[in-house]
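Examination of the molecular architecture
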Amino acid sequence: MGRRIVFLYALYLLIIPALHPDEETERNLAAFSDPARVWGSGVEGVIEEAYRQCFKTYILDGKVMNLRMPFAQNNERDQLSEQSWEFLGGGKADPAYLWQNITETLDSDDFQSYTETLGDGREKVMILDIPTQTWTHSRDLFDIARMKAGAYRGLPHRPYVLVSGGGISETDVYNYLYCIGWTGMDCSGFVWHTLSLVAKKGGIDLGRTLRRAIGARGGDVSYYVGTWFFNSRSREIISVKDEIRNIQPADVLLFRGSNGGMVHSAVIQSVDLREGVVRYLQSTDEAPLAERGVHESLIYFNPAHPETSLSDPSLVWTQSRYPPFPGEQASAFSDDGERYRAFGGGRVVRLRALAGAIQKINRR
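Below is a short write-up of the structure. Just so you know, these numbers come straight off a predicted model, no measurement behind them. (Residues numbered from 1 in each chain as written. Predicted model: local features only at pLDDT ≥ 70, side-chain atom pairs only at ≥ 80, totals over all residues. Heavy atoms only, no water.)

1. Notes on the sheet that holds strand 3 (residues 124–129)
Pairing within the open sheet is antiparallel, and its three strands lie in the order 4-3-5. The open sheet has two edge strands with one neighbour each: strand 4 (134–138) and strand 5 (160–163). The sheet shows a mean angle of 25 degrees between the axes of neighbouring strands, taken without regard to direction. Two elements, strand 3 and strand 4, share five bridges in a ladder whose sense is antiparallel. In the strand pairing of strand 4, Val125 is matched with Ser138. Helix 7 (residues 141–148) contacts strand 3, strand 4 and strand 5 of the sheet and is inclined by roughly 95 degrees relative to strand 5. (Pairing = 2+ DSSP bridges. Helix = DSSP H or I, 4+ residues; strand = E, 2+ residues; numbered from the N terminus. Axes fitted to C-alpha atoms, helices over the stretch in contact; angles between N-to-C directions. Contact = heavy atoms within 4.5 Å.)

2. Quick word on the sheet that holds strand 8 (residues 262–272)
The sheet built from seven strands is open, its strands ordered 6-12-7-8-9-10-11 with antiparallel pairing. Edge positions in the sheet fall to strand 6 (237–240) and strand 11 (316–317), since each of these pairs with one other strand and no more. Alignment of strand 8 against strand 9 (residues 277–284), held across five bridges, turns out to be antiparallel. Within strand 9, the position partnered with Ile268 by the bridge is Tyr280. Running over the sheet, helix 4 (residues 43–52) touches strand 8, strand 9 and strand 10 (293–300) and is turned about 130 degrees from strand 8.

3. Details of the pairing of strand 12 (residues 347–351)
Pairing of strand 6 with strand 12, which is carried by four bridges, proceeds in the antiparallel orientation. Among the inter-strand pairings, Ser239 is bridged to a residue of strand 12, identified as Val349. Where strand 7 (residues 252–256) meets strand 12, three bridges bridge the pair, whose relative direction is antiparallel. What sits directly across from Val252, in strand 12, is Val349.

4. Brief notes about the packing of helix 9 (residues 187–201) against helix 13 (residues 355–362)
Axis separation between helix 9 and helix 13 bottoms out at 8 Å; the angle between their running directions is 65 degrees. For the crossing formed where helix 9 meets helix 13, the hand is left-handed. Every residue of helix 13 that contacts helix 9 at Val198, Ala199 and Lys201 is listed here: Ala357, Ile358 and Ile361. For the contact of helix 9 with helix 13, the class distribution of residues is five nonpolar, no polar and one charged. (Left-handed = near helix turned anticlockwise from the far one by under 90°. Nonpolar A, V, L, I, M, F, W, Y, C, P; charged D, E, K, R; others polar.)

5. Considerations on the pattern of salt bridges
When the charged atoms of two side chains lie near each other, side chains of opposite charge can form a pair. Applying the stated criterion across every chain yields a total of 19 salt bridges. Glu296 is paired through a salt bridge with Arg279; the nearest N and O atoms lie 2.5 Å apart. Within this pair, whereas Glu296 is found in strand 10, its partner Arg279 is found in strand 9, the two being separated by 17 residues in sequence. Overall, Glu296 belongs to the partly exposed group, its relative accessible area being 37%. (Salt bridge = Lys/Arg side-chain N within 4 Å of Asp/Glu carboxyl O. Buried < 20%, exposed > 50% of the residue type's maximum accessible area, 1.4 Å probe, protein only.)

6. Observations concerning the layout of surface pockets
What the largest pocket holds in volume is close to 900 Å³. Every residue lining the largest pocket is counted, 29 residues in all, and those nearest its centre are Glu76, Asp285, Glu286, Pro324 and Arg339. Counted by class, the lining of the largest pocket contains 11 nonpolar, 10 polar and eight charged residues. (1 Å grid on protein atoms, 1.4 Å probe; cavity = no way out; pocket = protein on both sides within 12 Å on 5 of 7 lines; lining within 4 Å. Points joined across faces, edges and corners; volume = space filled by probe spheres on them.)

7. Regarding the nonpolar core
Within the largest apolar cluster, 70 residues are counted, with the highest numbers of intra-cluster contacts made by Leu195 and Phe230. For Leu195, the contacting residues outside a window of four places in its chain are Leu206, Phe230, Ala250, Val252, Val267, Leu351 and Leu354. One finds Phe255, Val271, Tyr280 and Leu315 within the second-largest nonpolar core, a separate group that totals 17 residues. (Core = buried A, V, L, I, M, F, W, Y, C linked by side-chain atoms within 4.5 Å.)

Written out as structure tokens, the structure is:
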């Protein structure tokens, strides 16, 4: 016991200064967390900065948790519901604004009650009703047995989640923020956030520059941006032949749906021609539980063949695809590579308006 106390106290000495830093500690932490330490001061570093803005550390129920921004898309789960709903900012809001709302949500009495229920030591099924922003739970042995047997009873707008009663986890927090807090970013909202920061660092207001092209009628341009825009015939969109050697940081990956249109977007963060790795960033919930929301994904290729197309089956796409909630219908694709190749294949595009900003950033 004595060794455990000493260990915990040492851990306390490490964590508390980071959570309640003085000025010198703040400077040191800022320097340590600066994306430029790993990615340099060019556009790759700026994209990494935008990505890191979608993560925030909290202490919840005595646990240090590094939360990621949830995925949230309007009209995705309301088909069987008697009422529709809209996520905060329509899934397009700036991360700083969303984190402010998340902090208020996590400070609420309802979230405290949710936390206590998850930590009561008893196995149960959590029932999360999205339209009404309410939750309940069932300790019925038949409900629990059905979940364990794979007989999922939830609906798209009312997910069921089996929990052990051992306390809250980051997955449980995600479920609450998405289902009860109506908070997160959809795929194009994240891409727009990233490209907007690139533009800003290069001295461009992307919203003002593209307002007319996007057809924004008023207010924040980000609310009007969807994957449709990146796949449009606007002169602001440059089509890129999707060979590895052609793609660049800040290019947008588009994934086609069964109707032939583009239904998902992601942003290229880096292309390492020497090591054979493409890193792209996205927001989606068809991912392992620990990765739902904003996350990184990788493509491995043979450096000797940079002319390889992204549609080539020889590429290794590491991003696996899973249902957003265990028990729901699985994705039709095992990984992002299968999804990119599906329905005639994906597409890579580039924003014309970013060319000057990227050149300016890379010259620093």
